[in-house]
Amino acid sequence: MPIDFAATKALFHLPEGVVYLDGNSLGPMVRTAPARVDRVVQAEWGEMLIRGWNKAGWMAQPAALGNRVGRLIGAAAGTVVLGDTLSIKVYQALASALEMNPKRRVILSDTGNFPSDLYMAEGLCRTLGGQYRLKTVSPEAVMAAIDDSVAVVMLTEVDYRTGRRHDMADITRRAHEMGALTVWDLAHSAGAIPVDLARAGADFAVGCTYKYLNSGPGGPAFIYVAPAHAEVARPALSGWLGHAAPFAFDLSYRPGPGIERMRVGTPPVLQMAALEAAMEVWDGVSMAEVHAQSLRLQDQLIKGVETRAPMLTLATPRSHLMRGSQVSFRHPEGYAIMQALIAEGVIGDFRAPDILRFGFTPLYIDEDDVARAVSVLARIMDYGTWDKPEFKARAAVT
Ligand SMILES: *Cc1c(COP(=O)(O)O)cnc(C)c1O
């Protein structure tokens, strides 16, 4: 049955008068989340106390949720686990991948990658004693840069700034031909576009759930390990919950079975309750359909902006095949323009140096929302209302 987008919109809480085009940064709340979290707080934490780990199934939740997230990214059951934050999971995946390719010393990434991924790689290289090197090239140059020095190709599938999408299957194939492994960051893919990790042959993947998947600020990240590597990969962050028998309290580490070993420490139970509520919406949808609708809405915005606010320059590829679920424009006064938009209830965000970013999340954004965003933006540009000191003062979070 096709998705009834009006019905899914009603499942989300959106503040009155807001057009929310920032679900790529922090997804809104599903309406059932407060009651779900409250139940876990009162009935589980409050009443069960420590018994909740067994009685309420808190310990099994990271793998159970992993299976549900896995369905959206083409990962078989038992190959995804939740926990920690994305930066931690990037480190975990990258360290394991490097160890599995011991003769090589280069991590290849691109200049469109999210800085935290690059910072984690730099830190890991330093910890490994400086024999390893992080090499970054432009997104367009990645394919040609995969040579026989590369140990791991580490990329974010959809560029957080421009929305440009890499061809995961193509790059993974090339990496394997050259003897490299892949780590894919799905921060802007999970819940945004159809992903098929198994078909692409991806080795490792990571992502977060507080963006498109609506788990709330600080929601847990996820990690995927291909079944062929599950019993081989060794976690560098070898915490007790990745141990084969955490409650044996052995003095030395033995990795747990399969994906369980990628866990590190105590899972965020309350935050996972919010994710469980959100997954009830996600469980029923086809990502192909969500993305097709996203592309229609994106095209509506692009057409509207290019017609009515032509001083903004499109930064996102025009080809549907190269797009994620966001549209970005460049303008030297991008920051002030975005603040003026937000002041009028049209919420996107700004990414330095000059990018205005609009996320498309069709489960709760429709044609009327996009039409309103276009007319507010056109008015701000026509009257220059962005040109005020209050819109130019930079906040800590942009
Ligand atoms: C959002 C994002 C992050 C953020 O990492 P956290 O540890 O969750 O703060 C990292 N990498 C990418 C590609 C992102 O888009």
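Computed from a predicted model, the values in this text were never measured in an experiment.

Observations regarding the site of the ligand
Then comes step 1: Taken together, Thr85, Leu86, Ser87, Phe114, Asp117, Thr156, Asp185, Ala187, His188, Tyr210 and Lys211 make up the full set of residues adjacent to the ligand.
Then comes step 2: In this structure, an oxygen atom belonging to the ligand sits 3.3 Å away from a main-chain N or O atom of Leu86.
Then comes step 3: Note that an oxygen atom of the ligand is positioned 2.6 Å from one of the side-chain N or O atoms of Tyr210.
Then comes step 4: When the ligand is considered free in solution it has 390 Å² of accessible area, and contact with the protein chains removes 86% of it.
Then comes step 5: The residue makeup of the shell around the ligand, split by class, is four nonpolar, four polar and three charged.

A word on the pattern of salt bridges
Then comes step 1: Enumeration over the complete set of coordinates arrives at 22 salt bridges.
Then comes step 2: With its nearest N and O atoms 2.9 Å apart, the salt bridge here joins Arg173 to Asp170. With Arg173 and Asp170 both in helix α8 (residues 168-177) and three residues apart, this pair spans about one turn of that helix.
Then comes step 3: Given a relative accessible area of 45%, Arg173 falls into the partly exposed group.
Then comes step 4: Judged by its relative accessible area of 30%, Asp170 falls in the partly exposed class.
Then comes step 5: Arg174 is paired through a salt bridge with Glu177; the nearest N and O atoms lie 3.7 Å apart. On the criterion of helical spacing, the pair formed by Arg174 and Glu177 is a turn pair, its members being three residues apart in helix α8.
Then comes step 6: What makes Arg174 partly exposed here is its relative accessible area of 27%.

Digging into the environment of Gly348
Then comes step 1: Relative to the assigned elements, Gly348 resides in the loop between β13 (346-347) and β14 (349-351).
Then comes step 2: With residues up to four places along the chain from it excluded, the contact list for Gly348 reads Leu21, Asp22, Met338, Ile342 and Arg357.

Overview of the packing of aromatic side chains
Note on aromatic pairs: each is described by the distance of the centres and the angle between the planes.
Then comes step 1: With the rule as written, the count across this model stands at eight aromatic pairs.
Then comes step 2: Centre to centre, the rings of Phe247 and Phe249 are 5.5 Å apart; their planes meet at 85°, and the pair counts as edge-to-face.
Then comes step 3: Owing to a relative accessible area of 55%, Phe247 belongs among the exposed residues under this scheme.
Then comes step 4: Ring geometry for Tyr335 and Phe350: centres 5.3 Å apart, planes at 85°, overall edge-to-face. Pair noted here: Tyr335 is in helix α12 (residues 334-343) and Phe350 is in strand β14, with a separation of 15 residues, a long-range link.
Then comes step 5: Members of the aromatic cluster, connected to one another through ring pairs, are Trp240, Phe247 and Phe249.
Then comes step 6: Lying over the aromatic face of Phe114, Lys211 brings its terminal NZ or CZ to 5.4 Å of the ring centre.
Then comes step 7: A cation over an aromatic ring shows up here: Arg394 above the ring of Tyr335, its NZ or CZ 4.5 Å from the ring centre.

Thoughts on the pairing of strand β10 (residues 221-225)
Then comes step 1: With five of five residues buried, β10 lies mostly within the body of the structure.
Then comes step 2: A two-sided burial pattern is seen for β10, the buried positions comprising Ala221, Ile223 and Val225 on one face and Phe222 and Tyr224 on the other.
Then comes step 3: Sheet topology note: the strand β4 (residues 80-82)/β10 ladder contains three bridges and is antiparallel. The residue of β10 that forms the bridge with Leu82 is Phe222.
Then comes step 4: Where strand β9 (residues 204-208) meets β10, five bridges bridge the pair, whose relative direction is antiparallel. Counted as the bridge partner of Gly207 is Phe222 from β10.

Observations concerning the domain arrangement of the protein chain
Then comes step 1: Under the domain assignment used here, the protein chain contains domain 1 (5-31 + 286-392) and domain 2 (34-282).
Then comes step 2: A separation of 28 Å is found between the C-alpha centroids of domain 1 and domain 2.
Then comes step 3: A combined buried area of about 2,300 Å² lies between domain 1 and domain 2, and 64% of that area is made up of carbon and sulfur atoms.
Then comes step 4: At the boundary of domain 1 and domain 2, one finds zero salt bridges.
Then comes step 5: In this structure, the connection of domain 1 to domain 2 is made through 13 residue pairs in polar contact (both at pLDDT 80 or more).

What about the environment of Leu118?
Then comes step 1: Relative to the helices and strands, Leu118 is located in helix α6 (residues 115-127).
Then comes step 2: Its relative accessible area of 14% is what places Leu118 among the buried residues.
Then comes step 3: Between the C-alpha atom of Leu118 and that of Tyr91, which follows or precedes it by 27 residues, the distance is 9.8 Å.
Then comes step 4: Excluding its chain neighbours within four sequence positions, the residues that come into contact with Leu118 are Ser109, Asp110, Asn113, Leu134, Thr136 and Met154.

Calculation rules
- Residues numbered from 1 in each chain as written.
- Predicted model: local features only at pLDDT ≥ 70, side-chain atom pairs only at ≥ 80, totals over all residues.
- Heavy atoms only, no water.
- Near = heavy atom within 4 Å.
- Polar contact = N/O pair within 3.5 Å; in protein donor to acceptor, adjacent residues only side chain to side chain.
- Areas by Shrake-Rupley, 256 points an atom, 1.4 Å probe, with all protein chains shown as cover.
- Nonpolar A, V, L, I, M, F, W, Y, C, P; charged D, E, K, R; others polar.
- Salt bridge = Lys/Arg side-chain N within 4 Å of Asp/Glu carboxyl O.
- Helix = DSSP H or I, 4+ residues; strand = E, 2+ residues; numbered from the N terminus.
- Buried < 20%, exposed > 50% of the residue type's maximum accessible area, 1.4 Å probe, protein only.
- Contact = heavy atoms within 4.5 Å.
- Phe/Tyr/Trp six-rings, centres within 6.5 Å; stacked < 30°, edge-to-face > 60°.
- Lys NZ or Arg CZ within 6 Å of the ring centre and 35° of its normal.
- Pairing = 2+ DSSP bridges.
- Domains from an automatic or database assignment.
- Buried area = accessible area lost by both parts, 1.4 Å probe.

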